[in-house]
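# Examination of the molecular architecture
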Amino acid sequence: MKKIYTLIAAALLATGAAAQNPTAYFMEGSTFRSQFNPAFAPLRGYVNIPAIGGVNINVGGNIAVDNILFSRDGKLVTLLDSSVSAADALSGLKQNNLLGMDFRMNVIGFGAFTKNHKNFWSFDLNVRVNEDANLPYSLFEFIKLGKEGQIRNFGTSTDSYLEAAFSYSFPLMDDRLYIGIRGKFLAGLARAQVTYDRFDISLREDRWAVLTQGTLDLTAAGAKVETDPDSETFEIGDLDFKPTKPAGYGFALDLGATYDILPNLQASLAVTDLGFISWSKKNSVMGVSTQETEFTGATVPENASEPVPDFDLEMLKFNQVDGRSTTKMLRASVNAGLEYEVWRHKIGIGLLYTARVWEYKTMHNITGSVNFHPVRWFTVSGSYSVIDNRGGAVGLALNLCPNWINFYLATDVLTSKHTPQWVPIKQSSMNVTLGLGIPIGKRSHRIAAYVREGDRR
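These remarks concern the structure in this document. (Residues numbered from 1 in each chain as written. Predicted model: local features only at pLDDT ≥ 70, side-chain atom pairs only at ≥ 80, totals over all residues. Heavy atoms only, no water.)

To continue, consider the overall build of the chain. Each helix and strand counted, the chain has three helices and 27 strands in total. Roughly 20100 Å² of accessible area belongs to the chain as shown, and the carbon and sulfur atoms make up 59% of that amount. (Helix = DSSP H or I, 4+ residues; strand = E, 2+ residues; numbered from the N terminus. Areas by Shrake-Rupley, 256 points an atom, 1.4 Å probe, with all protein chains shown as cover.)

Have a look at this one:
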């Protein structure tokens, strides 16, 4: 069973797809805010510090972290560990357990306002990584209890790529409406997907029968595999690749708008990551696994009423087939916000709806926030998110933008209950967004309360 444990544990630990950090959406003045909606703009132009100018990490799913990780003897172990009883492991799981991770790092970023102090343009070069997995409840029933059954839609996928993006936003309708568009050229670094459409397990008198049908698909520069000369099969560990150059190319768009319904009430709407990457056949390795195998070995674990098969699963061996080119859509997002400003633009009350299209499901979040900006170069926000009808998370955000620095930080980790390793255990998401840059150029005239009389021209 070690091979299947390794595959599932990797999915549990490497993923944890999650939406962008919702608290950062209302972080007025930050250079990162336009990633949610290209119609947004910071308070000034900027040059980001390379590699730390914008880092965004999101881990989430439809189950809380303490349903996956358990503390045993001062260490964190996954629910697959033998020290975790079947009752504890299965108690918090869903019918389909979705786990995901998003990572974005800004390598180069800069932007500026034009002469009218309202039109804004920017350029960003980002590294992006997305992962998600679907692990059915019936899979864990088999592992922890030895329960026979039909396991469907068990799989994990990941992709990484470079994103070169140019963004431009401008006003219409006497500045009540702002339109933003961001064009993205994408260079795919690597992608992989392992999917089992069929995984049937049955106990026949003194032996186990396993019938599987699965696919492994990898694309990366230098991808190759060494097959077993006897069986002409390979395992995941036999794959090798060197993503030193692109293995695919693509294009994407972000489209956004903001509209002032009233002088102090603004609605915003954006669709991001509308695009694709075409991955080349030349850099592709593909394998299929269609196995029908019987095993006689079995063990009876503690707290289990049925025997668990004790074998090396042949279904993790693949027969190599010809690679193929493939086109994969990006994980698009929809952000719809509403914010009302009071007390001369010093306090804002915001509401945000977010939908994120994953490989296996679309996830939905609703976030409410209170945003304080007593002076134009300082914003602090607090938020509460209801995550796909499964409970919520408290978020905090800070943005500082005096004349010499632009620093921002947003997270929902600080206020939650943690393990000694600082992993929040009572919520199904973890978000951290931070960045550091240098303000340059003209100040924005988009917010009337921030425009000094001497600046009007």
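The tendency in soluble globular proteins is for nonpolar side chains to be buried side by side. Within the largest apolar cluster, 40 residues are counted, with the highest numbers of intra-cluster contacts made by L79, F140, I151, F154, F199, L216 and L239. Those elements giving two or more residues to this core turn out to be β3 (69-72), α2 (86-91), β5 (96-113), β6 (120-136), α3 (137-145), β9 (177-204) and β10 (207-220). Counting residues in hydrophobic clusters, the runner-up holds 11 residues, among them Y25, L352, Y408 and A410. (Core = buried A, V, L, I, M, F, W, Y, C linked by side-chain atoms within 4.5 Å. Buried < 20%, exposed > 50% of the residue type's maximum accessible area, 1.4 Å probe, protein only.)

Moving on: the side chain of S444. With respect to the element layout, S444 can be found in the segment after β27 (429-443). Exposure remark for S444: the relative accessible area of 10% places this residue in the buried category. Within polar-contact distance, the side chain of S444 engages the backbone nitrogen of R446 at 3.0 Å. Non-local contacts of S444, meaning those with residues more than four positions away in its chain, are made with P42, L43, F113, H117 and V451. (Polar contact = N/O pair within 3.5 Å; in protein donor to acceptor, adjacent residues only side chain to side chain. Contact = heavy atoms within 4.5 Å.)

Right, let's get into the side chain of N62. Among the secondary structure elements, N62 is positioned in the loop between β2 (55-61) and β3. From its side chain, N62 meets the backbone oxygen of N96 in a polar contact 2.8 Å long. A polar side-chain atom of N62 sits 2.9 Å from the main-chain amide nitrogen of L98.

Our focus in this paragraph is the environment of L330. Structurally, L330 is set in the loop between β20 (326-329) and β21 (333-342). Taking relative accessible area as the criterion, L330 reaches 13% and is therefore assigned buried. Apart from the residues lying within four places of it in its own chain, the contact partners of L330 are Y161, L186, A252, D273, G275, F276 and I277.

What the largest pocket holds in volume is close to 710 Å³. Taken together, 31 residues make up the lining of the largest pocket; nearest its centre are D260, Q266, H345, R446 and I447. Within the residue set of the lining of the largest pocket, elements represented by two or more residues are β14 (248-262), β15 (265-279) and β21. If one sorts the elements of the lining of the largest pocket by residue count, β14 sits on top with three residues. When grouped by side-chain class, the residues that make up the lining of the largest pocket number 13 nonpolar, six polar and 12 charged. (1 Å grid on protein atoms, 1.4 Å probe; cavity = no way out; pocket = protein on both sides within 12 Å on 5 of 7 lines; lining within 4 Å. Points joined across faces, edges and corners; volume = space filled by probe spheres on them. Nonpolar A, V, L, I, M, F, W, Y, C, P; charged D, E, K, R; others polar.)

Let's shift gears to a negative patch on the surface. Residues E226, D228, D230, D238 and D240 make up a contiguous surface patch of negative charge. Within the fold, D240 resides in strand β13 (residues 239-240). (Patch = residues over 30% accessible without salt bridge, like charges linked within 9 Å, V, L, I, M, F, W, Y side chains within 5 Å. Salt bridge = Lys/Arg side-chain N within 4 Å of Asp/Glu carboxyl O. Lys, Arg positive; Asp, Glu negative; His and termini not counted. Charge placed at Lys NZ, Arg CZ, Asp CG, Glu CD.)

Another point: α3. Judged by how many residues are buried, α3 sits mostly within the fold: seven of nine residues are covered. Within the sequence span of α3, burial applies to S138, L139, F140, E141, F142, I143 and K144. One or two positions beyond α3, positive phi appears at G146, with a value near 70°.

Moving on to the pairing of β5. In this structure, strand β1 (residues 44-48) lies alongside β5, joined through two bridges in antiparallel fashion. Bridge assignment links V47 to a residue of β5, and that residue is F110. Alignment of β2 against β5, held across seven bridges, turns out to be antiparallel. If you follow I57 over to β5, its bridge partner there is F103. The pairing of β5 with β6 spans 17 bridges and is antiparallel. Counterpart to L99 in the pairing with β6 is A133. Linking β5 to β6, which pair antiparallel, is a turn of six residues; within it H117 sits at a positive phi near 65°. (Pairing = 2+ DSSP bridges.)

It is worth spelling out a nonpolar patch on the surface at this point. Taken together, the side chains of I261, L262, L269, V334, L338, L351, Y353, I366, Y384, V386 and V394 make up a nonpolar region of the molecular surface, amounting to roughly 910 Å² of accessible area. Where the nonpolar patch is concerned, the elements lending two or more residues are β14, β21, β22 (347-357) and β24 (378-387). Tracing the backbone through its elements, the reader meets L338 in strand β21.

Quick look at the pattern of salt bridges now. Applying the stated criterion across every chain yields a total of 16 salt bridges. When the shortest N-O distance is used, the salt bridge between R152 and D200 registers 2.7 Å. Highlighted residues: R152 in the loop between β7 (149-151) and β8 (154-172) and D200 in strand β9, separated in sequence by 48 residues. A relative accessible area of 30% means that R152 is categorised as partly exposed. Between E163 and K184 there is a salt bridge, with the nearest N and O atoms lying 3.3 Å from each other. Placement of E163 in strand β8 and of K184 in strand β9 is noted, with a sequence separation of 21 residues between them. It is possible to trace a salt-bridge network through shared partners that takes in R104, R128, E163, R182, K184, D254 and D273.

For the rest of this paragraph, the subject is the pairing of β21. Only one face of β21 is covered, namely the face carrying S333, N335, G337, E339 and E341; the face carrying V334, A336, L338, Y340 and V342 is uncovered. Both β15 and β21 contribute to a ladder of eight bridges, which runs antiparallel. What sits directly across from Q266, in β21, is E339. Looking at chain direction, β21 and β22 are connected through 10 bridges and run antiparallel. Residue E339 lies in a different strand from β22, and its bridge partner there is G350. Following β21, the chain reverses through four residues before pairing antiparallel with β22; W343 in that reversal takes a positive phi of roughly 55°.

Moving on, we get to the packing of aromatic side chains. Aromatic ring pairs are described here by two measures, namely the spacing of the ring centres and the angle between the planes. All chains considered together, the criterion is met by 18 aromatic pairs. Plain terms: the ring middles of Y46 and F120 are 6.3 Å apart, the flat faces sit at 25° to each other, and that makes the pair stacked. With Y46 in strand β1 and F120 in strand β6, this pair connects stretches of sequence that are 74 residues apart. Residue Y46 is classed as buried on the basis of its relative accessible area, which comes to 2%. (Phe/Tyr/Trp six-rings, centres within 6.5 Å; stacked < 30°, edge-to-face > 60°.)

Geometric descriptors of this kind do not, in isolation, establish any biological role.
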